[in-house]
Each structure stands twice: as structure tokens, then as C-alpha cells.
Amino acid sequence: MSDSINYGNLMHRAMRGLIAEVLSDIAENGLPGEHHFFVTYDTTHPDVQMADWLFDRYPSEMTIVIQHWFEDLIVGEDGFRVTLNFGDSPEPLQVPFDAIRTFVDPSVEFGLRFETQDESDEDGEIVEIPDLPTEEDELRELEEVLKKTAQNDPSPDEVIADKKPADVVSLDSFRK
């Protein structure tokens, strides 16, 4: 048992669960409205299955689009299978959820990105953790933003002075 909670792995598992739920719904009901997905995945993952010619073309990473033409979308516990059209050539792909690097639905400006860990121990725990900003750092940054905003924004008196008097139009002039 670990001495700490590995929030990174828990968050990644939850995000992959969200992807699985969305894709399962799409497999069952189709894509609603303008929704479509860009899925970037690691082609070197041992459980990725794709045609050799695709692997030759994308030896480390590949982005697929699930939108107009896709067939046989099957979502499992560990990943999904789908057949996509590559230049009028249907090709089946198998993508494990662990291989996904990004999942984006641009129609609603939603995206997930999975950070890769350069160094980890056998349990998958992060060895090097970046320093998080302190409350003082955040307050300092907020003060800088407010100063810049105040320097660039006109005062309320300047805004009122810049306004031109309104033209008044009588509706009587348009009546016959």
C-alpha cells in the first residue's frame, strides 16, 4: 500500500471513464448535432492495433476524427474499436484508453489532455512533483493583472466625456 494518494492516476482513470461513457453513447445512439471528436493516441502502445501502412505513416502518434464516416464503434472496458475511412479505404483500429493523449470535441470546446510522465516508479507514482503556486504568488499575480487593467481602462469620467449626444428622431416625420 502506498503512503500517499495518487491523484494523477485517479484523475486520469476518471477522465478515461468519461471518454468511455461518451463513446458508448455514440456507439448506441450516433453523434448528436454537430458533435465530433479528435482523438490523438500513442501508436507505440502495445495494445494499439492498426494497419501496417498506417503505423508506417504514424510511427509515434496519430489523430483520428470520429465524425461523418465511422462504423463498428465498439467500446470495451479497456478501449474502443472503430472502422474509419482513409482515402476510400476502410481500416479497423483498436485504441486502448491508456494510449489516448488528447480527446477533443471542438463543437462544444471540450477537451482532455493526458500528461505523460517522464519518470515514475513501478507503482506509477509521480517521482518529481512540480512546485504549486502559493496563495501569495496567486495574490501577486492577481494584483499585477488588476494594475495592468486599471492602466489600460479609461476612468468612468473619461467614458462619459467620450460619449456623443444622441440624435433624437421624431416618429411623426415617418407618418403620412
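The notes below deal with the structure included here.

Definitions and limits used
- Residues numbered from 1 in each chain as written.
- Predicted model: local features only at pLDDT ≥ 70, side-chain atom pairs only at ≥ 80, totals over all residues.
- Heavy atoms only, no water.
- Pairing = 2+ DSSP bridges.
- Helix = DSSP H or I, 4+ residues; strand = E, 2+ residues; numbered from the N terminus.
- Axes fitted to C-alpha atoms, helices over the stretch in contact; angles between N-to-C directions.
- Buried < 20%, exposed > 50% of the residue type's maximum accessible area, 1.4 Å probe, protein only.
- Polar contact = N/O pair within 3.5 Å; in protein donor to acceptor, adjacent residues only side chain to side chain.
- Contact = heavy atoms within 4.5 Å.
- Phe/Tyr/Trp six-rings, centres within 6.5 Å; stacked < 30°, edge-to-face > 60°.

1. Points about the sheet that holds strand S6 (residues 100–105)
Consideration 1: The strand order across the open sheet formed by four strands is S2-S1-S6-S7, and the pairing between neighbours is antiparallel. The sheet is open, and its two borders are formed by strand S2 (61–66) and strand S7 (110–113), each paired with just one other strand. Averaged over all pairs of adjacent strands, the angle between strand axes in this sheet comes to 10°, irrespective of strand direction.
Consideration 2: The pairing of strand S1 (residues 37–42) with S6 spans four bridges and is classified as antiparallel. Bridge assignment links Val39 to a residue of S6, and that residue is Phe103.

2. Remarks on the side chain of Asp42
Consideration 1: With respect to the secondary-structure elements, Asp42 resides in strand S1.
Consideration 2: The exposure class assigned to Asp42 is buried, which follows from its relative accessible area of 18%.
Consideration 3: A polar contact is formed between the side chain of Asp42 and the side chain of Thr44, at a distance of 2.5 Å.
Consideration 4: Discounting chain neighbours no more than four positions away, the residues touching Asp42 are Val48, Ser60, Ala99 and Arg101.

3. Considerations on the packing of aromatic side chains
Consideration 1: For the structure shown, the criterion picks out three aromatic pairs.
Consideration 2: Ring geometry for Trp53 versus Phe86: centroids 6.1 Å apart, planes at 90°, classification edge-to-face. A residue pair is termed long-range when its members are at least 10 positions apart, and Trp53 in helix H2 (residues 52–57) and Phe86 in the loop between strand S4 (79–85) and strand S5 (90–96) qualify at 33 residues.
Consideration 3: Classification of Trp53 as partly exposed rests on a relative accessible area of 37%.
Consideration 4: Note on Phe86: relative accessible area 19%, which makes it buried.
Consideration 5: An angle of 40° between the planes, with centres 6.3 Å apart, marks the rings of Phe80 and Phe97 as tilted. Placement of the pair is Phe80 in strand S4 and Phe97 in the loop between S5 and S6, with a sequence separation of 17 residues.

In short, the description is geometric, and any link to function would need to be established separately.
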